[in-house]
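Structural description and commentary
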Amino acid sequence: MVEEFIDGRELLNAVWGNGKISMLPPVEMDFSGLTDIRDRLFTYEAKYVPDSRLYESIGMCVPAELDPSAKAELERIVIATYQATGCRDYGELM
């Protein structure tokens, strides 16, 4: 997938289920420790390389602070995307 970079909040949304689908509490990436906008990508290095600069610099706010209407809209979109793409069992959407 290719997408345009838009600077702003980045949320990680885990979803599970088949018949009854549920979204776990959203997680917000905290990029405040990074000064270069090009580092504000949640790359393989940032996710899985514990000694890397990005892994150490990106924080996670769990759960993300969202007002109730924003959280409800996020959940609606995430679950609709999970269903539309044919996901089963578990998925993560950013």
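No experiment lies behind these values; they were computed from the predicted model shown.

**Considerations on the packing of aromatic side chains**
Using the criterion set out here, one finds one aromatic pair in the structure. Seen in terms of ring centroids, Tyr 44 and Tyr 48 are 5.1 Å apart; in terms of plane orientation they differ by 50°. Their pairing is tilted. Here Tyr 44 pairs with Tyr 48, and both are found in helix 1 (residues 44–48), just four residues apart, close to one helical turn. Here Tyr 44 matches Tyr 48 in class, with each residue exposed.

**So, the environment of Ala 14**
The residue Ala 14 is located in strand 1 (residues 11–16) in this model. On the basis of relative accessible area, Ala 14 is assigned to the buried category, the value being 12%. Along the chain, Ala 14 and Pro 25 lie 11 residues apart, while their C-alpha atoms are 7.6 Å from each other. Beyond its immediate chain neighbours, meaning those up to four positions away, Ala 14 contacts Ser 22, Met 23, Leu 24, Tyr 90, Gly 91 and Glu 92.

**Quick word on a nonpolar patch on the surface**
Side chains of Phe 5, Ile 37 and Leu 41 sit close together on the surface and give an oily, nonpolar patch of about 250 Å² of accessible area. Along the chain, the position of Phe 5 falls in the segment before strand 1. Take Phe 5: its relative accessible area is 39%, and that puts it in the partly exposed class.

Calculation notes
- Residues numbered from 1 in each chain as written.
- Predicted model: local features only at pLDDT ≥ 70, side-chain atom pairs only at ≥ 80, totals over all residues.
- Heavy atoms only, no water.
- Phe/Tyr/Trp six-rings, centres within 6.5 Å; stacked < 30°, edge-to-face > 60°.
- Helix = DSSP H or I, 4+ residues; strand = E, 2+ residues; numbered from the N terminus.
- Buried < 20%, exposed > 50% of the residue type's maximum accessible area, 1.4 Å probe, protein only.
- Contact = heavy atoms within 4.5 Å.
- Patch = residues over 30% accessible without salt bridge, like charges linked within 9 Å, V, L, I, M, F, W, Y side chains within 5 Å.
- Areas by Shrake-Rupley, 256 points an atom, 1.4 Å probe, with all protein chains shown as cover.
- Salt bridge = Lys/Arg side-chain N within 4 Å of Asp/Glu carboxyl O.

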